[in-house]
Amino acid sequence: MAIYSRLFKKLQWQVVAALASFFVTFFTLPVNAGEVSAQIHSGTEENAVGYSFVYSDNISTKRNFRWGVAYSYLDEMKAEWNGEETFFNNDTLELFAAYRHFPQTYNSFWRPFTFEVQAGASVSLTENKFIFENFPDQEIVFSEKNDINLMASFIAQYQLSKETQLQLGYKYYPDFSDFGSQSSVFIGITYQFGRKLGY
């Protein structure tokens, strides 16, 4: 069992290294249409709340395809064990690819909107474990540092100006370590810099 545990931890570090290399490679490329975002999250199943800071850019001059990296923090994540429940916080680094849809329409209502789908993975920066007061030598681990979890998001954005957009989105983790599935709705603001890609 210990052999499998060591192999899994080694694989985790390989994934972390690959994510870091991917991020460094793209971050050193010229900015096409860079964006920074700040988001406030509210958990849909539980009372989890949190925030995210996001940097994203076009993969190429094709404005539909994007990549991004984010730091996210979630508080009040509920964990249950043996009839008891407790709450933890967790912070993660995330790397994702995205497709952004620009409605091609003359309708003045829809023209300011864009819609984006994101898919990627998060790396946990926090260890969360439950220790029994009566049995201090026993502990239940719900998440460990460097845990890798898949994530997906859907975002609707409304153009406020040439540089700023208002975001409304939904983020989903199908299996967040041992917390089970987690999701949140969020609102955010985005600022775009670099080259502006026209319609």
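As for the overall build of the protein chain
So, point 1. Along the protein chain, the regular secondary structure elements total 1 helix and 10 strands.
So, point 2. Each helix (α) and strand (β) of the protein chain, taken in turn from the N terminus, gives the series α-β-β-β-β-β-β-β-β-β-β.
So, point 3. Classification of the 199 residues of the protein chain by burial places 41% in the buried group.
So, point 4. Within the protein chain, contacts between residues at least 6 apart in sequence are counted, and of these 56% link residues at least 24 apart.
So, point 5. Total accessible area on the protein chain is roughly 11600 Å²; 62% of this is exposed by carbon and sulfur atoms.

Observations regarding the nonpolar core
So, point 1. Judged by nonpolar contacts, the single largest core of 14 residues is most densely connected at M77, A79, F88, F96, F142, F176 and F179.
So, point 2. Broken down by secondary-structure element, the contributors of at least two residues to this core are β3 (65-81) and β4 (84-101).
So, point 3. Of all the elements, β3 adds the most residues to this core, at 4 residues.
So, point 4. Non-local contacts of M77, meaning those with residues more than four positions away in its chain, are made with A48, T86, F87, F88, N90, F176, F179 and Q182.

Quick notes on the pairing of strand β8 (residues 148-159)
So, point 1. In this sheet, β8 lies alongside strand β5 (residues 113-124) in antiparallel orientation, the contact comprising 11 bridges. If you follow T114 over to β8, its bridge partner there is Q157.
So, point 2. Both β8 and strand β9 (residues 164-173) contribute to a ladder of 8 bridges, which runs antiparallel. Residue pairing across strands places Y158 opposite L166, the latter belonging to β9.
So, point 3. Linkage of β8 to β9, two consecutive antiparallel strands, is achieved through a turn of 4 residues.

Let's talk about the environment of L160
So, point 1. Assignment of secondary structure puts L160 in the loop between β8 and β9.
So, point 2. A residue is classified by how much of its surface remains accessible, and L160, at 49% relative accessible area, is partly exposed.
So, point 3. With 30 residues separating them along the chain, L160 and T190 place their C-alpha atoms 9.7 Å apart.
So, point 4. Leaving out residues up to four positions away in the same chain, L160 has contacts with Q165, L166 and I189.

Quick word on the packing of aromatic side chains
So, point 1. Summed over the entire model, instances satisfying the criterion amount to 13 aromatic pairs.
So, point 2. Plain terms: the ring middles of W110 and F113 are 5.5 Å apart, the flat faces sit at 55° to each other, and that makes the pair tilted.
So, point 3. The class of W110 is partly exposed, set by a relative accessible area of 39%.
So, point 4. Arranged with centres 6.4 Å apart and planes meeting at 15°, the rings of F115 and F154 form a pair that is stacked. Here F115, found in strand β5, pairs with F154, found in strand β8; they are 39 residues apart in sequence, far enough to count as distant.

Comments concerning the pattern of salt bridges
So, point 1. Scanning all chains against the criterion turns up 4 salt bridges.
So, point 2. The closest approach of N and O atoms between E35 and R66, which form a salt bridge, is 3.8 Å. Remark: R66 occurs in strand β3 and E35 occurs in strand β1 (residues 35-43); sequence separation between them is 31 residues. Side by side, E35 and R66 carry an identical accessibility label, which is buried.
So, point 3. In this structure, the salt-bridge partner of R100 is E116, at a minimum N-O distance of 2.6 Å. Of the two residues, R100 sits in strand β4 while E116 sits in strand β5, which places them 16 residues apart along the sequence.

Rules used in this analysis
- Residues numbered from 1 in each chain as written.
- Predicted model: local features only at pLDDT ≥ 70, side-chain atom pairs only at ≥ 80, totals over all residues.
- Heavy atoms only, no water.
- Helix = DSSP H or I, 4+ residues; strand = E, 2+ residues; numbered from the N terminus.
- Buried < 20%, exposed > 50% of the residue type's maximum accessible area, 1.4 Å probe, protein only.
- Contact = heavy atoms within 4.5 Å.
- Areas by Shrake-Rupley, 256 points an atom, 1.4 Å probe, with all protein chains shown as cover.
- Core = buried A, V, L, I, M, F, W, Y, C linked by side-chain atoms within 4.5 Å.
- Pairing = 2+ DSSP bridges.
- Phe/Tyr/Trp six-rings, centres within 6.5 Å; stacked < 30°, edge-to-face > 60°.
- Salt bridge = Lys/Arg side-chain N within 4 Å of Asp/Glu carboxyl O.

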